[in-house]
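Remarks on the overall topology
So the chains spell out like this:
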Amino acid sequence: MSDIEIKKLKQKLKELKKKMNEIGNVMRGSVVELGAKNKQPYFSLNKNKKTQIIYLGDRKRPIAMEYSNNYKKLLEIIEEMTEINMILIKEDACD
């Protein structure tokens with residue numbers, strides 16, 4: 001791998017780190033609708049093999065969705081950083 005390609009990968013890592021810092025609050029889990037007749041928004045999280053649920057209501061639902069989406073964005077960034085770091089380590093070009 002050329003020095004230019006390695007430089008590009010390192011630059012991409014810097015950009016991804018910057019994106020990570022811009023994400024904001026995160027929550028692992030999902031916004032779900034529960035109820036037979038009158039569906040209500042809840043936040044669901046599986047922790048220690050148990051499902052934890054909290055009622056959101058209409059006011060807190062958009063906030064919980066934003067935090068959950070931020071978590072998904074963070075995971076995507078981590079996956080991309082992992083791929084780049086694996087290449088850099090393989091090429092013995094990590095800092």
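Residue numbers run consecutively from 1 along every chain, following the written order of its sequence. Confidence filtering applies because this is a predicted model: local features only for residues at pLDDT of at least 70, side-chain atom pairs given and counted only at 80 or more, and all residues used for totals across whole chains, interfaces and linings. Hydrogens and water are ignored here; the side-chain numbers use all heavy atoms of the structure.

So, helix α2 (residues 57–90)
Numbering of helices and strands runs from the N terminus, with a helix taken as a DSSP run of H or I at least four residues long and a strand as a DSSP run of E at least two residues long. One less than the residue count of a helix, multiplied by 1.5 Å, gives the span that helix is expected to have. The end-to-end C-alpha distance of α2 is 49 Å, a good match for the 50 Å that 34 residues give at a rise of 1.5 Å each. Among the residues of α2, G57, A64, S68, N70, L74, I77, M81, I84 and L88 are the ones counted as buried. Between two residues, a contact is recorded if the distance between any of their heavy atoms is within 4.5 Å. Contacts made by the buried residues of α2 are with α1 (3–22), β1 (30–34), β2 (40–47) and β3 (50–55). D92 lies just past α2 and shows a positive phi near 55°. Buried means the residue's accessible area, taken with a 1.4 Å probe over protein chains only, is under 20% of the maximum for its type, while exposed means over 50%, and partly exposed covers the values in between.

A closer look at the environment of L16
Summarising the element assignment, L16 is placed in helix α1. L16 sits in the buried class, given a relative accessible area of 1%. On a C-alpha basis, the gap between L16 and V26 in space is 17 Å, while along the polypeptide they are ten residues apart. Residues in contact with L16, not counting those within four places in the same chain, are I77, E80, M81 and I84.

Some points on the nonpolar core
Formed by I6, L9, L13, L16, I23, L74, I77, M81, I84, L88 and A93, the largest nonpolar core amounts to eleven residues. Contributing elements (two or more residues each) for this core: α1 and α2. With five residues, α2 is the largest single contributor of residues to this core. If we ignore the near neighbours within four places in the chain, the residues touching L88 are I6, L9, K10, L13, A93 and C94. Among buried residues, those of type Ala, Val, Leu, Ile, Met, Phe, Trp, Tyr and Cys that are joined through side-chain atoms within 4.5 Å constitute a nonpolar core.

Spatial relationships are all this shows, so hold off on functional conclusions.
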